[in-house]
Amino acid sequence: MKIQRASEDYLEAMLMMKEEHGYIRSLDVAEHLGVTKPSVSYATKRLRENGYISMDKDGLITLLPAGREIAERMYTRHKLLTRFLVRIGVDEETAREDACRLEHDLSETTFAAICAHAMRSEQK
């Protein structure tokens, strides 16, 4: 099933919140993404319905295996693309913003080529 870009962003943000705080709350996701709480409520409902997350009675979010897999893939892409862009001379903030856009649209082939190039460059 093809997942929407916004859903990828939500899942990635959730993984980042889990790593940063040890838990995932809708409020933290909203703040991180700069969206409203109702937007997060709508997104989490869709993500729950599609089997990517679960929520307990206190509203804490858990990434289910399918959601975690997508979140980790997006977060890995984000980190590697940011590092690559910084290495080629892009300032850190712009690199993070551009990586966020690129992580969704690059094919696996292009991403793999960038990774291979980055690894060769780091070995020099």
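Scroll up to find the structure.
Now for a quick tour of the structure. Not measured: the values here are computed from a predicted model.

### With respect to the nonpolar core
Here's step 1: One finds Leu11, Met14, Val29, Ile53 and Leu63 to be the most contacted residues of the largest nonpolar core, which totals 22 residues.
Here's step 2: Those elements that provide at least two residues to this core are α1 (5–21), α2 (26–33), α3 (37–49), β2 (61–63) and α4 (65–87).
Here's step 3: A total of seven residues in this core trace back to one element, the largest contributor, which is α1.
Here's step 4: If we ignore the near neighbours within four places in the chain, the residues touching methionine 14 are Ile24, Val29, Thr44, Leu47, Ile53, Ile61 and Leu63.
Here's step 5: With 10 residues, the next largest nonpolar core counts Leu81, Phe84, Leu106 and Cys115 among its residues.

### Re the pattern of salt bridges
Here's step 1: Under the defined criterion, the tally for this structure stands at nine salt bridges.
Here's step 2: Among the salt bridges present, the one from glutamate 8 reaches arginine 73, with a minimum N-O distance of 4.0 Å. Of this pair, glutamate 8 sits in helix α1 while arginine 73 sits in helix α4; the two residues are 65 residues apart in sequence, bridging distant segments of the chain.
Here's step 3: Residue classification places glutamate 8 among the buried residues on the basis of a relative accessible area of 8%.
Here's step 4: Overall, arginine 73 belongs to the partly exposed group, its relative accessible area being 33%.

### Section: α4
Every α-helical turn comprises 3.6 residues, leaving residues that sit three or four positions apart pointing alike.
Here's step 1: If you check α4, its first and last C-alpha atoms are 33 Å apart, about what 23 residues at 1.5 Å a residue would give, namely 33 Å.
Here's step 2: Contacts made by the buried residues of α4 are with α1, β2, α5 (92–105) and α6 (108–123).

### So, the side chain of glutamate 103
Here's step 1: Considering the arrangement of structural elements, one finds glutamate 103 in helix α5.
Here's step 2: One polar contact links glutamate 103 to histidine 104, side chain to side chain, over a distance of 3.4 Å.

What counts and how
- Residues numbered from 1 in each chain as written.
- Predicted model: local features only at pLDDT ≥ 70, side-chain atom pairs only at ≥ 80, totals over all residues.
- Heavy atoms only, no water.
- Core = buried A, V, L, I, M, F, W, Y, C linked by side-chain atoms within 4.5 Å.
- Buried < 20%, exposed > 50% of the residue type's maximum accessible area, 1.4 Å probe, protein only.
- Helix = DSSP H or I, 4+ residues; strand = E, 2+ residues; numbered from the N terminus.
- Contact = heavy atoms within 4.5 Å.
- Salt bridge = Lys/Arg side-chain N within 4 Å of Asp/Glu carboxyl O.
- Expected span 1.5 Å × (residues − 1).
- Polar contact = N/O pair within 3.5 Å; in protein donor to acceptor, adjacent residues only side chain to side chain.

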